[in-house]
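The residues making up each chain are set out below.
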Amino acid sequence: MFQFVWAVALFVLGSLIALDYRNLALRVYDIIATVSPGGPPSPRFTPDHLRLVWACLAMAGAVMAVVKGWALFN
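First, a word on what this report is: a plain description of the structure on this page. (Residues numbered from 1 in each chain as written. Predicted model: local features only at pLDDT ≥ 70, side-chain atom pairs only at ≥ 80, totals over all residues. Heavy atoms only, no water.)

1. Concerning the environment of Trp54
Then, number 1: Within the element layout of this structure, Trp54 appears in helix α3 (residues 47-73).
Then, number 2: The sequence separation of Trp54 and Gln3 amounts to 51 residues, and the corresponding C-alpha distance is 19 Å.
Then, number 3: Not counting residues within four places of it along the chain, the set of residues in contact with Trp54 comprises Leu10, Leu13, Gly14, Ile17, Ala18 and Val28. (Helix = DSSP H or I, 4+ residues; strand = E, 2+ residues; numbered from the N terminus. Contact = heavy atoms within 4.5 Å.)

Listed below in structure tokens is the structure:
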């Protein structure tokens, strides 16, 4: 059950960051820039790249949620 909840949470958070029209990816990018020990990310790593990474994580979370849900509730 714990893994199912985390997979759903990853899917929801990844979808919010990847598809948000209010630029949640920019806020996450700014947080990464402020807390990174080596300084901000490379200028080539844009918020659009961050959205792509979170979209991939959202898809992985969706697949894990389906697999864990199938095993848990079937």
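Here the narrative resumes.
2. A word on the nonpolar core
Then, number 1: Counting six residues, the largest nonpolar core is built from Ile17, Ala25, Val28, Tyr29, Leu50 and Trp54.
Then, number 2: At the level of secondary structure, the elements contributing two or more residues to this core comprise α2 (24-35) and α3.
Then, number 3: Per element, the largest residue contribution to this core is three residues, and it comes from α2.
Then, number 4: Beyond its immediate sequence surroundings of up to four residues, Leu50 is in contact with Ala25, Val28, Tyr29, Ile32 and Phe45. (Core = buried A, V, L, I, M, F, W, Y, C linked by side-chain atoms within 4.5 Å. Buried < 20%, exposed > 50% of the residue type's maximum accessible area, 1.4 Å probe, protein only.)

3. A few points about α2
Then, number 1: With twelve residues, α2 extends 17 Å between its outermost C-alpha atoms, agreeing within 8% with the 16 Å of an ideal straight helix rising 1.5 Å per residue.
Then, number 2: In this structure, the buried residues of α2 make contact with α1 (2-19) and α3. (Expected span 1.5 Å × (residues − 1).)

4. Description of the environment of Met59
Then, number 1: Here Met59 is to be found in helix α3.
Then, number 2: For Met59, a relative accessible area of 54% gives the class exposed.

5. Quick notes on the packing of α1 against α3
Then, number 1: At their nearest, the axes of α1 and α3 sit 7 Å apart, and the two run at 150° to each other. Relative to α3, α1 is oriented roughly antiparallel. The chirality of how α1 crosses α3 is left-handed.
Then, number 2: By residue class, the composition of the contact of α1 with α3 is 17 nonpolar, five polar and two charged. (Axes fitted to C-alpha atoms, helices over the stretch in contact; angles between N-to-C directions. Parallel < 35°, antiparallel > 145°, perpendicular 65-115°, else oblique. Left-handed = near helix turned anticlockwise from the far one by under 90°. Nonpolar A, V, L, I, M, F, W, Y, C, P; charged D, E, K, R; others polar.)

Take it as geometry only, folks, not as evidence of what the structure does.
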